[in-house]
Amino acid sequence: PPPGYLAKVARAVRAAGGVYIADEVQTGFGRLGSTFWAWEQQGDQMSEDGIPDIVTLGKPFGNGMPLAAVVTTPQVAQAFEDVGVEYFNTFA
């Protein structure tokens, strides 16, 4: 995508009440070369709009073990807590 694309999309999604989710399961942990996270390839991490609300991590994170993580902003974590969600996972 062209530079700034993800920040523009994230603004539109948030304006409609959604959240910007970066799925880094396949592309994270430096797999794309110059940045640690794929979403950083856009160069948008310096603006508030370019930072994801939720980032999913997996595969190399566990070094062969079935381990994954979800990283969120404090606002997203609070929204889960407010509706009683204390635990979830990506494994069936």
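Owing to the predicted nature of the structure, the values given are computational and were not obtained by experimental measurement.

Reading the values: the criteria
Residue indices begin from 1 for each chain and proceed along its sequence in written order. Local features in a predicted model are, by the rule used here, given only for residues with pLDDT of at least 70; side-chain atom pairs are given and counted only at 80 or more, and totals for whole chains, interfaces and linings are based on all residues. For the side-chain quantities, the full set of heavy atoms in the structure was used; hydrogens and water were omitted. We count a stretch as a helix when DSSP gives it H or I for four or more residues in a row; a strand needs E for two or more, and each element gets its number in order from the N terminus. Pairs of N or O atoms within 3.5 Å make up the polar contacts considered here, provided that, within protein, one atom can donate a hydrogen while the other can accept it, and that residues adjacent in sequence are counted only when both atoms are side-chain atoms. Contact definition: two residues touch when any of their heavy atoms are within 4.5 Å. By convention a nonpolar core is built from buried Ala, Val, Leu, Ile, Met, Phe, Trp, Tyr and Cys residues, the set being connected through side-chain atoms within 4.5 Å. Any residue under 20% of the maximum accessible area for its type is buried, any over 50% is exposed, and the rest in between are partly exposed; the area is computed with a 1.4 Å probe on protein chains only. Any Lys or Arg side-chain nitrogen found within 4 Å of a carboxyl oxygen on Asp or Glu counts as a salt bridge.

Undergrad: Looking at this structure, how should I read the side chain of Glu24?
TA: Looking at the secondary structure, you find Glu24 in the loop between strand 1 (21-23) and strand 2 (54-57). Engagement of the side chain of Glu24 in a polar contact is seen with the backbone nitrogen of Ala38, the distance being 3.0 Å. Filtering out sequence-adjacent residues up to four positions away, Glu24 remains in contact with Trp37, Ala38, Trp39, Val55, Thr56 and Leu57.

Undergrad: When you look at the nonpolar core in this model, what are you seeing that I'm missing?
TA: In summary, soluble globular proteins display a tendency toward joint burial of nonpolar side chains. Formed by Ala10, Tyr20, Ala22, Trp37, Trp39, Val55 and Leu57, the largest nonpolar core amounts to seven residues. Setting aside anything within four residues of it in sequence, one finds Val55 in contact with Ala22, Glu24, Trp39, Ala69, Val70 and Val71.

Undergrad: For this particular structure, what's the right way to read the pattern of salt bridges?
TA: Pairs can form between side chains of opposite charge once their charged atoms are near each other. Overall, the coordinates contain one salt bridge when judged by the stated rule. We note a salt bridge from Asp53 to Arg14, for which the minimum N-O separation is 2.9 Å. With Asp53 in the loop between strand 1 and strand 2 and Arg14 in helix 1 (residues 5-15), the pair connects residues that are 39 residues apart, well separated along the chain.

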